[in-house]
Each structure stands twice: as C-alpha cells, then as structure tokens.
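Structural features, examined
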Amino acid sequence: MTINFDELLERFHATLATFDDALVRDAVARIGWTMPARPLEPRPLACLRQLDRIVELAPANAQPLARLLADRRGELRWGQTYSEADFGKTFIDNYGWLEVFGTRGHFVNDEVAAGLLILGPEIVYPDHHHVAEEIYIPLTGGTEWRMGEGDFRKREASEVIHHASDVSHAMRTGKEPLLALYIWRGGPLAAKSTISGTVSQGRN
C-alpha cells in the first residue's frame, strides 16, 4: 500500500514559514517544494515514545507538525546515523531522525536535506562536525547547545541555530526531550558526522 505523505511535507513547509528569520527565509526560498515522493518502508525506533510528551511541549506554531509525527509515527521511515557501538545503548534508545526530504527522505531532493531530530531526556549528543551547513530550529525548549569552543547554552523553542560548514557543535538535553527541525545544505547530504567529543551519557 502506498501512503500519501503530502501532508507531512505541507506541515513541514508551513512550520518553517512561521519563523521570521532571514536565514530561514532564504533557505525556504531556495528549496523547490515540488518534489517527487520516494517509497520507503516504515522504520519505528525506541525514541518515538518521546513524541507524546513532545506534543505537549511544542509551541502553537509547531503543534500541527508535532501531532502529525505522533499520529503517524509508525508509518514513517526513522533513521539513525550511529549504532550502539558508537555511543552506547542509552543514546541509541533515545535518538533518531526523520528525513522529510533529501537523498534518503520521503521526498527526493539532491540539493538540500531537511527533517526532524529527536533526543530523549538527559542525553548528550557529543561534539561533532560535518561539511554541510546546518540550520537547526528546536521545537521544544530547555536543551543546551554548544558551538565551537563555547560553553553549553540553553536554547528556547523556536530559536534559530546556525552551524557553518565544519563548525563543531553538541547538544545536551535536560529533563525534557528535544524535537528539532533541521536543514542541511552545501555539502554531502548523507555523510556521517565526524565525532570530536566524548560519548559518555549523563551530565558532568
């Protein structure tokens, strides 16, 4: 059975359109939003249990997208770049992403990749970097983010976070899970990040 994911793309686009930020507006304007669908088999992950709480936390502009993810979680192709051997079982059970469009996503786009990242509570995504430029928009608040040699800083929902090419960055969730929207452009869209930080979980 072929499942129609047009609503996923529409809600993703509509959510991006709510952010009054020059970087986001430029990225949205450069994306050709008429994309062919790619048939993918569903792949649920353990981290999807966080979606019920994420729906409660998401701000009004992200509610339609968060609710769609929660309602249709079992129909979507969720991915993980890393394995238990990389970061351990705790991380893997609390981590996953959904590529809405890109070279692996539900819609085909060879120029830019975009989707959503989930991290469960009390999870450290260690320092890493990649060639592609990345725009992140957390749709839940309270997660701490670090860029380069800077300190971790708590970010609220809807803050726009920009990582230039090969700039190291890390995330550390608190008592609540993270749902973050991301856009990758200007580099290999399916490349595995280079990890430069430690992989132990929990707060120091």
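Scroll up to find the structure this text is about.
Report on the accompanying structure.

This part is about the sheet that holds strand S8 (residues 153-154). Spatially, the 5 strands line up as an open sheet ordered S8-S7-S10-S5-S12, and their pairing is antiparallel. For this open sheet the edge positions go to S8 and strand S12 (194-195), each flanked by a neighbour on one side alone. Where strand S5 (residues 124-129) meets S12, 2 bridges bridge the pair, whose relative direction is antiparallel. Residue pairing across strands places His128 opposite Ile195, the latter belonging to S12.

Here the focus is unusual backbone geometry. Of note, the phi angle at Glu122 is positive, near 55 degrees, even though the residue is not glycine. Along the chain, Glu122 turns up in the loop between strand S4 (112-119) and S5. For Ser158, which is not glycine, the phi dihedral falls at a positive 85 degrees. Among the secondary structure elements, Ser158 is positioned in the loop between S8 and strand S9 (161-163). For Ser158, a relative accessible area of 26% corresponds to the partly exposed category.

In the structure shown here, the tally under the stated rule is 12 aromatic pairs. Relative to Phe101, the ring of Phe12 has its centre 5.9 Å away and its plane inclined at 90 degrees; by these criteria the two rings are edge-to-face. On the criterion of sequence distance, the pair formed by Phe12 in helix H1 (residues 6-16) and Phe101 in strand S2 (residues 95-102) is long-range, its members being 89 residues apart. Phe101 matches Phe12 in its accessibility class, with the two residues each being buried. Ring plane angle 85 degrees and centroid distance 5.9 Å describe the contact between Tyr82 and Tyr125, whose orientation is recorded as edge-to-face. On the criterion of sequence distance, the pair formed by Tyr82 in the loop between strand S1 (78-79) and helix H5 (84-87) and Tyr125 in strand S5 is long-range, its members being 43 residues apart. Side by side, Tyr82 and Tyr125 carry an identical accessibility label, which is buried. Members of the aromatic cluster, connected to one another through ring pairs, are Tyr82, Phe87, Phe91, Tyr95 and Tyr125. Cation over ring: Arg172 sits above Phe152, and NZ or CZ is 4.1 Å from the ring centre.

Reading the values: the criteria
- Residues numbered from 1 in each chain as written.
- Predicted model: local features only at pLDDT ≥ 70, side-chain atom pairs only at ≥ 80, totals over all residues.
- Heavy atoms only, no water.
- Pairing = 2+ DSSP bridges.
- Helix = DSSP H or I, 4+ residues; strand = E, 2+ residues; numbered from the N terminus.
- Buried < 20%, exposed > 50% of the residue type's maximum accessible area, 1.4 Å probe, protein only.
- Phe/Tyr/Trp six-rings, centres within 6.5 Å; stacked < 30°, edge-to-face > 60°.
- Lys NZ or Arg CZ within 6 Å of the ring centre and 35° of its normal.

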